[in-house]
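# Structural description and commentary
Chain residues, written in single-letter form:
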Amino acid sequence: MSDDKVDKTDTGTVATRRNFLRNFGVGAAGAAAATIPTPSPAWDGLTFREAFDEFFRKHYKKMSPEEIERTLTRIERRAKRRFGVDIDCKNTPAQEGVVFGYAINLSACKGYRDCVSACVKENNVGRDSQVQYIRVLEMDRGNMNLEESEHYYDPETVPVEGKYYLPVQCMQCDDAPCVKACPVEATWTEPDGIVVVDYDWCIGCRYCMTACPYWARHFNWTEPQIPPEELNTDTHYLGNRPRPRGVVEKCHFCTQRTREGRQPACMEACPTGARVFGNLLDPDSEIRYVLENKTVFRLKEDLGTEPKFWYYTD
Amino acid sequence: MIRFFFDAFRSMFSGDRNYWLWLTFLGAVFALGCLNYAQQLQHGLVVTGLSDQVSWGFYISNFAFLVGIAAAAVLLVIPAYIFERKDIKGVVLLGEGIAVAAVIMAMLFVVVDLGRPERIWHMIPLIGRLNFPLSLLAWDVVVLSGYLLLNLAIPFYILYSKYRGVEPRLDLYFPFVVLAIVWAISIHTVTAFLFSANPARPYWHTALLGPRFIASAFVSGPALMIVIFQVMRKITAFQVKQSVIDLLALIMTFALQINLFFVIAELFTDFYNEGAHSASIRYLFLGLHGFGSLAPWIWIALTFNVIAVIILTIHPLRRKMLTLNIACVLSFVGIWIEKGMGLVVPGFIPTPLGEIFEYSPTSVELAVSLGIWALGLLIFTLLAKLVMAVEQERIHRPAS
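## Some words on the overall build of chain B
- On a plain count of helices and strands, chain B comes out with 16 helices and zero strands.
- Computed over the C-alpha atoms, the radius of gyration of chain B is 22 Å, within 12% of the 21 Å expected from 2.2 N^0.38 for a compact globule of 400 residues.
- If you line up chain B on its principal axes, its C-alpha atoms span 75 × 55 × 40 Å.
- Within chain B, the proportion of its 400 residues that are buried is 47%.
- At a minimum sequence separation of 6, the contacts of chain B that also span at least 24 residues come to 77%.

## Observations regarding the overall build of chain A
- If you tally the helices and strands in chain A, you get 11 helices and 12 strands.
- By the burial criterion, 44% of the 314 residues in chain A qualify as buried.
- The contacts of chain A with a sequence gap of at least 6 include a subset with a gap of at least 24, amounting to 66%.

## Remarks on the interface of chain A and chain B
- Counting from both sides, the interface comprises 39 residues of chain A and, opposite them, 35 residues of chain B.
- Of all the elements in the fold, those that place two or more residues in the side of chain A that touches chain B are strand 3 (135-140), helix 7 (177-181), helix 8 (207-211) and strand 7 (217-219) of chain A.
- Looking at the side of chain A that touches chain B residue by residue, the classes come out as 23 nonpolar, eight polar and eight charged.

## Some words on the sheet that holds strand 12 (residues 309-312) of chain A
Residue and element names in this part refer to chain A.
- The strand order across the open sheet formed by four strands is 10-2-12-11, and the pairing between neighbours is mixed. Here the strands that pair on one side only, and so sit at the sheet edges, are strand 10 (275-279) and strand 11 (296-297).
- Taken together, the four bridges between strand 2 (residues 100-105) and strand 12 define a ladder with parallel strand orientation. Paired with Asn105 across the bridge in strand 12 is Tyr312.
- Contacts between helix 11 (residues 286-293) and the sheet are confined to strand 2, strand 10, strand 11 and strand 12, with strand 10 contributing the most and set at about 110° to the helix.

## Structural notes on the pairing of strand 10 of chain A
Residues and elements named next belong to chain A.
- Most of strand 10 sits out of view: five of its five residues are buried.
- Sheet analysis places strand 2 next to strand 10, joined by five bridges and oriented antiparallel. Across the sheet, residue Ile104 finds its bridge partner in strand 10, namely Arg275.

## A short note on the domain arrangement of chain A
Residue and element names in this part refer to chain A.
- Taken domain by domain, chain A comprises domain 1 (2-89) and domain 2 (92-314).
- Between domain 1 and domain 2, the contact holds 15 residues from the first and 12 residues from the second.
- Residue assignment for the side of domain 1 that touches domain 2 shows that the elements contributing at least two residues are helix 5 (65-83) and strand 1 (88-90).
- Across the side of domain 1 that touches domain 2, the residue classes break down as eight nonpolar, three polar and four charged.

## Some remarks on the nonpolar core
- With 204 residues, the main nonpolar core has Leu66, Ala70, Ala102, Ala106 and Phe109 of chain B as its most contacted residues.
- It is helix 6 (residues 92-113) of chain B that contributes the most residues to this core, 16 residues altogether.
- Two domains each provide a minimum of three residues to this core, namely domain 1 (2-89) and domain 2 (92-314) of chain A.
- Apart from residues lying up to four places away in sequence, Ala106 of chain B is in contact with Phe63, Leu66, Val67, Ala70 and Leu144 of chain B.

## So, the pairing of strand 2 of chain A
- Of all the six residues making up strand 2 of chain A, six are buried; the element is thus mostly covered by neighbouring parts of the structure.
- Burial along strand 2 of chain A is two-sided: Phe100, Tyr102 and Ile104 of chain A and Gly101, Ala103 and Asn105 of chain A, pointing in opposite directions, are all buried.

## A few points about the environment of Ala327 of chain B
Residue and element names in this part refer to chain B.
- As for its placement among the helices and strands, Ala327 is situated in helix 14 (residues 321-339).
- Separated by 78 residues in the primary sequence, Ala327 and Ala249 have C-alpha atoms spaced 9.6 Å apart.
- In this structure, Ala327 is in contact with Ala308, Ile311 and Leu312, ignoring residues within four places of it in sequence.

## Description of the packing of helix 10 (residues 242-272) of chain B against helix 12 (residues 295-313) of chain B
Residue and element names in this part refer to chain B.
- Contact geometry for helix 10 and helix 12: axes closest at 9 Å, N-to-C directions at 135°. Classified by the angle between their axes, helix 10 and helix 12 sit oblique to one another. In the packing of helix 10 onto helix 12, the handedness of the crossing is left-handed. Note on element contacts: helix 12 touches helix 10 through Asn305, Ala308, Val309, Leu312 and Thr313, opposite Ala249, Met252, Thr253, Leu256, Gln257 and Leu260.

## Focus: the environment of Val345 of chain B
Residue and element names in this part refer to chain B.
- By the secondary structure assignment, Val345 is in the loop between helix 15 (341-344) and helix 16 (363-391).
- According to the C-beta neighbour criterion, Val345 is buried, with 26 such atoms within 10 Å.
- Separated by 225 residues in the primary sequence, Val345 and Ile120 have C-alpha atoms spaced 24 Å apart.
- Apart from residues lying up to four places away in sequence, Val345 is in contact with Val54, Gly57, Leu294 and Tyr359.

## Some points on unusual backbone geometry
- Here Val158 of chain A and Pro159 of chain A are connected by a cis peptide whose omega angle stands at -10°.
- Mapped onto the elements, Pro159 of chain A comes out in the loop between strand 3 and strand 4 (163-168).
- Omega for the bond connecting Ile349 of chain B with Pro350 of chain B falls within 30 degrees of zero, at -5°, which places this linkage in the cis form.
- Note that Pro350 of chain B resides in the loop between helix 15 and helix 16.
- Phi angles above zero are rare outside glycine, and Glu185 of chain A is one such case at about 55°.
- Glu185 of chain A gets classed as buried once you count the C-beta atoms within 10 Å, which come to 21.

## A closer look at helix 8 (residues 170-196) of chain B
- Between its first and last C-alpha, helix 8 of chain B extends 38 Å over 27 residues, near the 39 Å set by a 1.5 Å rise per residue.
- Contacts from the buried residues of helix 8 of chain B go to helix 3 (58-71), helix 4 (74-82), helix 7 (136-163) and helix 9 (209-235) of chain B.

## Examining the environment of Phe83 of chain A
All names here are of chain A.
- Here Phe83 lies in helix 5.
- A sequence separation of 142 residues divides Phe83 from Gln225, and the C-alpha atoms of the two residues are 9.7 Å apart.
- Filtering out sequence-adjacent residues up to four positions away, Phe83 remains in contact with Pro228 and Leu231.

## Observations regarding the confidence of the model for chain A
- This prediction gives chain A a mean pLDDT of 88; 86% of its residues lie at or above 70.
- Note that residues 1-36 of chain A has pLDDT below 50 and, in this model, 35 contacts with residues that lie over four places away or in other chains.

## A short note on the confidence of the model for chain B
- A residue-level look at chain B finds 100% of positions with pLDDT of 70 or above and a mean pLDDT of 96.
- Taken together, the chains of this predicted complex give a pTM of 0.92 and an interface ipTM of 0.94.

About the thresholds
Residues numbered from 1 in each chain as written. Chains lettered and ligands numbered in written order. Predicted model: local features only at pLDDT ≥ 70, side-chain atom pairs only at ≥ 80, totals over all residues. Helix = DSSP H or I, 4+ residues; strand = E, 2+ residues; numbered from the N terminus. Rg over C-alpha atoms; globule rule 2.2 N^0.38 Å. Buried ≥ 20, exposed ≤ 12 C-beta atoms within 10 Å, placed from the backbone. Contact = placed C-beta atoms within 7 Å. Nonpolar A, V, L, I, M, F, W, Y, C, P; charged D, E, K, R; others polar. Pairing = 2+ DSSP bridges. Axes fitted to C-alpha atoms, helices over the stretch in contact; angles between N-to-C directions. Domains from an automatic or database assignment. Core = buried A, V, L, I, M, F, W, Y, C linked by C-beta atoms within 7 Å. Parallel < 35°, antiparallel > 145°, perpendicular 65-115°, else oblique. Left-handed = near helix turned anticlockwise from the far one by under 90°. Expected span 1.5 Å × (residues − 1). pLDDT = per-residue confidence, 0-100.

What follows is the structure, encoded as structure tokens:
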């Protein structure tokens, strides 16, 4: 257990969180975590106290900084037990004056689906389940009827003559129907405009999946399987931390990256530069340039959900 | 009061050999359901036929149907308490028993559909976080639990009064009866709104869904009651008057006529100018891009309902018990398909991104559902036994 502790304090991001906590004067909670005795298998690898805490935890928005810290530690221990890997689970808050938006240049997208595979890896999405946050639809030119789109085209042969490619993922709607639908407020819109899910609060009723017009929400029908060596250890509580079975997950604009000023994984992976991500409140951002200078449109805009995701062409 | 519960319990579990055989049979089916649910708990919802594409199926179909059965109890409550019909008053407690059993079944169908049933307490206000009034599912939790309480409290008061040999005080329980009437309509309206609230699902996103739900509930509910009352007439000393059955049959006739009219209105609107909004209904009735596994079912349902409405509309046929019973069975099954799988599943096909992925329930889903139905029947049997015992004054407070 003590090795574990040393390893963690070596990584910069963990230290950030501990500093954050120290500012709140609750370093004791972190120290206590290191001295917890070996957990018994009866409590799913956790100590009784942890298992009890986990079951009777409060809603995320009601938790004190100490409780959040305990929760993050628990998540890290659980991942260690499940995958044998030390992960770092952050709780980076939304930055002030930032609302994220996304735009895709349909003239540039060639349907390679590098965004899809990068997303799966980055976000610790189950490999067997075939869950993918991004769907790239192959469409006939001259047609925007989604019903005639091809979901399972071969990315090795693209681009195909007479086709264009339409990537769809969570549009982080400003008036999100999924958020309204959730009976227990397990999903909400963060101040930076990202619609997040608390995987530890979700009851798995799947009403949000019913409400979503973009088919952006996915359910863990079984325990997500990820090879330990492929686990992304840089995780966020509201983002890519390992998920349990029986809960809903979705694209969260790579919370673990974008809240630290990095690009989302799908944008970084795109070989054609079709993706533009940025702060909608920053008048000098590239996304604002696109919105102000290109002819943009939004998918199913008529449903009134105010998606923060635009498409444009050259 | 403890004595009442003791006597009630004793009367519920005393009966002849056939009664015990019936209880054992229901218990066994329920146990089978539990075993299958244990499988589902162990392996997750992957043991169902559900997918990201069709994320609700057989469980939620039964849920939608059973809320209708529960709401239909109001058809006995109104004439019994508001119009003071003596004949109906004799059976109204049975109607409320059906409501209790149906609400419990409906709630269980939602619980077995949850990916994380152990977190259900997150719905309890104060310790959890119920998203009321924004979430329609939160509304459904509120109205269903309220309806269950009302349908337990009113009959309990009446039975307990009779048990003590005093007349129930109308001024005491009447306000709650009025509340229960409004509440009955609300549970099914809210359940319809749960579906119609989704612009993402054009098949459900119609103002007609609420009225359709109520109309079809007033078919399936009376159909079930008519059959149950006749069975009780046959096997118990409890005599349900023919006038009760006549009234229910008449209500059912109007309701089924209206329901079929609604179906026609829906079909016309969707098919006259066919657009993207019609994809689901085309899938349901005719099949879409070569997929159409639900089509035979909906045509069976439609055929059943049409035969039933013909029988019911022709007076001599409706008055004849044999043909009336045929109409009851046909329309009960017809509505179960129409409002169950025929409503829930096509909402998901095609997906909002146009993908067609079909669904059929697995044996686990079927067994769990059977188990819940058996439990519902068991609850109703026990409640009916108690009602009969009190009404026939077989149990009462011993004179002190």
